[in-house]
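Coordinate analysis (summary)
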Amino acid sequence: MIEINRVSKWYGDFQVLTECSTRVAKGEVVVVCGPSGSGKSTLIKTVNGLETFQGGEVIVDGQSLRGKQTNLSRLRSKVGMVFQHFELFPHLSILGNLSLAQIKVLGRSEKEAAANGLVLLERVGLTAHADKYPLQLSGGQQQRVAIARALSMDPVAMLFDEPTSALDPEMVNEVLDVMIKLARGGMTMMCVTHEMGFAKKVADRVVFMDKGVIVEDEDKDEFFAHPKSSRAREFLSKVLQN
Amino acid sequence: MIQISWHDILSALPALWRGAIVSLQITLVALIVGIILGCLLALLRLSSSKPLAMVATAYVTIFRSIPLVMVLLWFYLIAPQFLKALLHLPPNIDVRLASAFVAFSLFEAAYYAEIIRAGIQSVGRGQLNAGLALGLSYLQTVQFVILPQAIRVVTPLLVTQAIILLQDTSLVYVIGLADFFRMAVNIGDRDGTTIDMILFVGACYFAVCGILSAIVKLLQAKTSR
Amino acid sequence: MSYQWDWGILFSPVATGEGSTYFDWLLSGFTVTLVLTLCTWVGATVIGVTLGVFRTVPNPACTVATSTYVAIFRNVPLIVQLFTWYFVVPEILPSAAGDWLKSFSPFNQFFACSLVCLSLFTSARICEQVRSAIDAIPVGQYNAGLAIGLTRFQVYRHVLLPVGFRIIVPPLTSEFVSVSKNSAVASTIGLAELSAQAQHLVDYTAHSYEAFIAVTAGYMIINLLTIILMRQVEKAVRIPGYLGAKG
């Protein structure tokens, strides 16, 4: 479903990604972790083209991101993304947030979009808040709406960029629960996260990055039991303490 | 001390009102065209196309570094040749009014562009990314996500700039156009009532702009809650 | 277009037989604008800063007085204020003062009038900027100053004003640039400043475009010099690591 082949990226003279290669098969859940500055956010943003790259190739659902025929908007609509800071649109109601892209990109009618939105709100447990505005909701609630908004486009894969890092501790679980349900339902997911508990529960593979390079890429059980590199071991010891 | 002759002021009111209409016309035209053009310039300045960004930046920088008096004189100078030909205006239109419309619109656009650009930049890249990630095109994201938020944020500044514009229309004095102020001065010269006219005009501007400023403050108090 | 460009016209002798060139006229106008601008900077800053400080003092009388001052000067157009100073004020003053003013040479009358008008107009705007700058300083700074035993006056003098001065440099820069642009309004009461010279040149030569371009360039030069000067000031007073001071 998602193929990342030897992707390299430079900001001016500084190389942020060096020959990164990995893949996410349909239905797979891959967790990307690593210390800050390792380039994991940048890497995941290359998958839906929010970050450009100079070397290598990214192929999503059979389409190359650099292909001349590729319609970037159409491709993005097929891949959902959830951001660290939720990024709900504050000037639109919750239902409005869920309907905007359905109407403008998928061409659905307002009624259809709203009905679909309500179904998704039910999935994340927030039907009562349909007519509220984002700033009236807590962080955890906003992030669950953000997940629903990404799902409203019927994506074939979901990308998560540190979805719980900006949340107060007591709200992290309500978001992780939604993500676990999604994973168990068979969604193809690529998650940048520090939440190793989540990784242990539902991840199929773990990718460990450091300084723009993919250092480890293996089965979850392998990774947690026998990390191959010292950097990964160091990282795990720090993270699993909490 | 001075004696204010209310009788003279009252008798001058019809003419003064005609002048006030001119002031309001210029304000309205410059406001509407200025904001539309300003939005365009702001987006061009922020666009990834270097030549377009440079053109927009040059425009804004130039208009913000020359006195409005000079801009008015410029357009009054070149108006006869260009405006009538370009805009196909009827030959009996007052060239001064037409040149004032153009001068103020282009001048204000530079100021609105900066206000709107600051507003757009305050919205933050995350919102742009969120819109693009959903599959909206850049223009759709700007139209439905960025601009509504940007305009909401800078509305008090836009209104404040409009109040400044209303006051600036009095500078059409330098091209002899009979707006509210020039009309008052003309009447004062004609009737020898200069002092009454100037004080009356000052009081009117003070009242109108004072009320508008108070409204802006209320607006700001409401939105900051 | 049948317009004949002739940049040499700027350097030819004037038609009035004075013996100076048109460029001399432009230079004289440029000088008048420059001097008016500099004097206004001084006057407006002194008055504006004083008023700005008073505006922040928690005394109702001070607040009302300074707010009213600011409201008057911000809600009346500059040209109306100028005409008021030139036509109305000499009549309101006691006859001795009025006669003294009228004994000035015409040029000095125009200049003095423009200077007073422009200074007070700008001072109201600087007052508001000083107020914002002082308000931007967290109240904890003020409290800390009091806590170590400084009087209110000393806290202003040693804590608030020095920091406020750094914060105010950017808005003050744009205000100073505005002064030279606003000075053009003085041409309406007869001051022979730069924009007035543009109109003189148009009257005496048929070459309006060259004259206007030269004058416009003159204003842009003044603005550029202002911005460069203020940038040096900003560098000189920068506080290392402070929020506004980016490397």
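In this report, the structure presented in the accompanying data block is examined. Please read all numbers here as calculations on a predicted model, not as lab measurements. (Residues numbered from 1 in each chain as written. Chains lettered and ligands numbered in written order. Predicted model: local features only at pLDDT ≥ 70, side-chain atom pairs only at ≥ 80, totals over all residues. Heavy atoms only, no water.)

1. Details of the overall build of chain A
Rule in force here: Segments assigned H or I by DSSP are reported as helices when at least four residues long, segments assigned E as strands when at least two residues long, and all are numbered from the N terminus. Using C-alpha atoms as the atom set, the radius of gyration is obtained and then compared with a globule rule of 2.2 Å times the number of residues to the power 0.38. For every residue, the accessible area obtained with a 1.4 Å probe (protein chains only) is divided by the maximum for its type, and the residue is called buried under 20%, exposed over 50%, and partly exposed between those limits. Only the protein chains shown count as cover for residues, and the accessible areas themselves come from Shrake-Rupley with a 1.4 Å probe. Positive: Lys, Arg. Negative: Asp, Glu. His and the chain ends are not part of the count. To locate a charge, take NZ of a lysine, CZ of an arginine, CG of an aspartate or CD of a glutamate.
From N to C terminus, chain A includes nine helices and ten strands. Relative to a compact globule of 242 residues, whose C-alpha radius of gyration would be 18 Å, chain A shows 18 Å and is just as compact. The dimensions of chain A, computed from C-alpha atoms along their principal axes, are 55 × 45 × 30 Å. A burial count over chain A gives 57% of its 242 residues as buried. In the structure as shown, chain A presents an accessible area of about 10700 Å², 48% of it carried by carbon and sulfur atoms. In chain A, 29 positive and 29 negative side-chain charges are present, and the distance between their average locations comes to 3 Å.

2. Observations concerning the sheet that holds strand β10 (residues 213-219) of chain A
Residue and element names in this part refer to chain A. Note the cut-off: Two strands are said to pair when DSSP picks up at least two bridges between them. In this description, a line fitted to the C-alpha atoms serves as the axis of each element, helices being fitted only across the stretch in contact, and the angle between N-to-C directions of two axes falls anywhere from 0 to 180 degrees.
Read across the open sheet, the six strands follow the order β6-β7-β8-β3-β9-β10; overall the sheet is mixed. Looking at the sheet topology across the chains shown, the edges are occupied by β6 (79-82) and β10. Put simply, the sheet's adjacent strands are angled 15 degrees from each other on average, direction ignored. Note that strand β3 (residues 29-33) and strand β8 (residues 188-192) share four bridges and pair parallel. Each residue of the ladder has a partner; that of Val-31, found in β8, is Cys-191.

3. Focus on the interface of chain C and chain B
Basically, it comes down to this: Any pair of residues with heavy atoms lying within 4.5 Å of one another is described as a contacting pair. Buried area is calculated as the accessible area (1.4 Å probe) missing from two parts once they are joined, with the contributions of both summed. Put simply, a salt bridge is a Lys or Arg side-chain nitrogen that is within 4 Å of an Asp or Glu carboxyl oxygen. We call two N or O atoms a polar contact when they sit within 3.5 Å, provided that within protein one can donate a hydrogen and the other can accept it, with sequence-adjacent residues counted only if both atoms are side-chain atoms.
At the interface, 31 residues of chain C touch 34 residues of chain B. Summing both sides of the interface, chain C and chain B together bury roughly 2900 Å²; the carbon and sulfur share of this comes to 77%. At the junction of chain C with chain B, the criterion picks out zero salt bridges. For the pair chain C and chain B, the number of links is six residue pairs in polar contact (both at pLDDT 80 or more).

4. Re the interface of chain A and chain B
For the record, the criterion: Each residue is assigned to one of three groups, with Ala, Val, Leu, Ile, Met, Phe, Trp, Tyr, Cys and Pro labelled nonpolar, Asp, Glu, Lys and Arg labelled charged, and all others, Gly among them, labelled polar.
Facing the 21 residues of chain A at the interface are 17 residues of chain B. Summing the contributions of chain A and of chain B, the shared interface buries around 1600 Å²; its carbon and sulfur component is 65%. Three residues stand out in chain A for area buried against chain B, namely Phe-89, His-91 and Lys-104 of chain A, and they jointly supply 32% of the buried area on that side. Remark: the boundary between chain A and chain B carries zero salt bridges. In this structure, the connection of chain A to chain B is made through five residue pairs in polar contact (both at pLDDT 80 or more). If you list the elements that add at least two residues to the side of chain A that touches chain B, you get α2 (72-78), β6, α3 (94-104) and α5 (139-151) of chain A. Here the residues of the side of chain A that touches chain B are counted per class, giving twelve nonpolar, four polar and five charged.

5. Overview of the sheet that holds strand β4 (residues 55-60) of chain A
By definition, the strands of a sheet pair up through backbone hydrogen bonds, in either a parallel or an antiparallel sense. All names here are of chain A. What the four strands build is an open sheet, ordered β2-β1-β4-β5; its pairing is antiparallel. On the outer flanks of this sheet lie β2 (14-24) and β5 (63-64), each paired with one strand and no other. The pairing of β4 with β5 spans two bridges and is classified as antiparallel. Across the sheet, Val-60 pairs through a bridge with Gln-63, a residue of β5. Across the sheet, helix α1 (residues 40-47) touches β1 (2-11), β2 and β4, and the angle it forms with β2 is around 60 degrees.

6. So, the packing of aromatic side chains
For clarity, the cut-off: Any two of the Phe, Tyr and Trp rings considered here, Trp counted by its six-membered ring, make a pair once their centres fall within 6.5 Å; the pair's planes then place it as stacked at under 30 degrees, edge-to-face at over 60, or tilted in between. Whether a charge lies above a ring is judged from NZ of Lys or CZ of Arg, which has to be within 6 Å of the ring centre and within 35 degrees of the ring normal.
Scanning the model with the defined rule gives 17 aromatic pairs over all chains in all. Pairing Phe-180 of chain B with Tyr-205 of chain B gives two aromatic rings, centres 5.7 Å apart and planes at 65 degrees, and the pair type is edge-to-face. Of this pair, Phe-180 of chain B sits in helix α7 (residues 180-191) while Tyr-205 of chain B is found in helix α8 (residues 194-223), placing the two residues 25 residues apart along the sequence. A relative accessible area of 11% places Phe-180 of chain B in the buried class. Measuring from ring centre to ring centre gives 5.4 Å for Phe-83 of chain C and Phe-87 of chain C, while their planes differ by 45 degrees; the resulting arrangement is tilted. Of this pair, Phe-83 of chain C and Phe-87 of chain C both sit in helix α3 (residues 78-92), four residues apart, which is roughly one turn of the helix. We classify Phe-87 of chain C as partly exposed; its relative accessible area is 32%. The lysine or arginine in question, Lys-200 of chain A, covers the ring of Phe-224 of chain A, its NZ or CZ lying 5.2 Å from the ring centre.

7. Looking at the packing of α3 of chain A against α5 of chain A
All names here are of chain A. Let me state the cut-off plainly: Each angle gets one of four labels, with under 35 degrees taken as roughly parallel, over 145 as roughly antiparallel, 65 to 115 as roughly perpendicular, and the rest as oblique. For a crossing to be left-handed, the near helix must be turned anticlockwise from the far one by less than a right angle; the clockwise case is right-handed.
At a minimum axis distance of 8 Å, the contact between α3 and α5 shows a crossing angle of 25 degrees. Taken together, the axis directions place α3 and α5 in an arrangement best described as roughly parallel. The two elements α3 and α5 cross, and the hand of that crossing is right-handed. Along the contact surface, α3 presents Ile-94, Asn-97 and Leu-98, while α5 presents Val-145, Ala-148 and Arg-149. By residue class, the composition of the contact of α3 with α5 is four nonpolar, one polar and one charged.

8. Observations regarding empty space enclosed by the protein
The following threshold applies: Of the grid points, spaced at 1 Å and generated over the protein atoms alone, those admitting a 1.4 Å probe that cannot get out make up cavities, while open sets with protein on both sides within 12 Å along at least five of seven lines make up pockets; any residue with an atom within 4 Å of a point is treated as lining. Grid points are joined across faces, edges and corners, and a volume is the space filled by probe spheres set on the points.
For the structure on display, the rule yields three cavities of 30 Å³ or more. Quantified by volume, the largest cavity comes out at close to 50 Å³. What lines the largest cavity is Leu-78, Leu-82, Ser-114, Cys-117, Leu-118, Asn-182, Ser-183, Val-185 and Ala-186 of chain C. Of all the elements in the fold, those that place two or more residues in the lining of the largest cavity are α3 and α5 (106-136) of chain C. The element that contributes the greatest number of residues to the lining of the largest cavity is α5 of chain C, accounting for three residues. Taken together, the residues of the lining of the largest cavity sort by class into six nonpolar, three polar and no charged. Reported here for the second largest cavity is a volume of approximately 40 Å³. If you trace the second largest cavity, you find it lined by Arg-76, Ser-77, Val-79, Gly-80, Met-81, Ala-150 and Met-153 of chain A together with Ala-133 and Leu-134 of chain B. Secondary structure elements with two or more residues in the lining of the second largest cavity: α2 and β6 of chain A. For the lining of the second largest cavity, the element with the most residues is β6 of chain A, which contributes three residues. Looking at the lining of the second largest cavity, its residues break down into six nonpolar, two polar and one charged.

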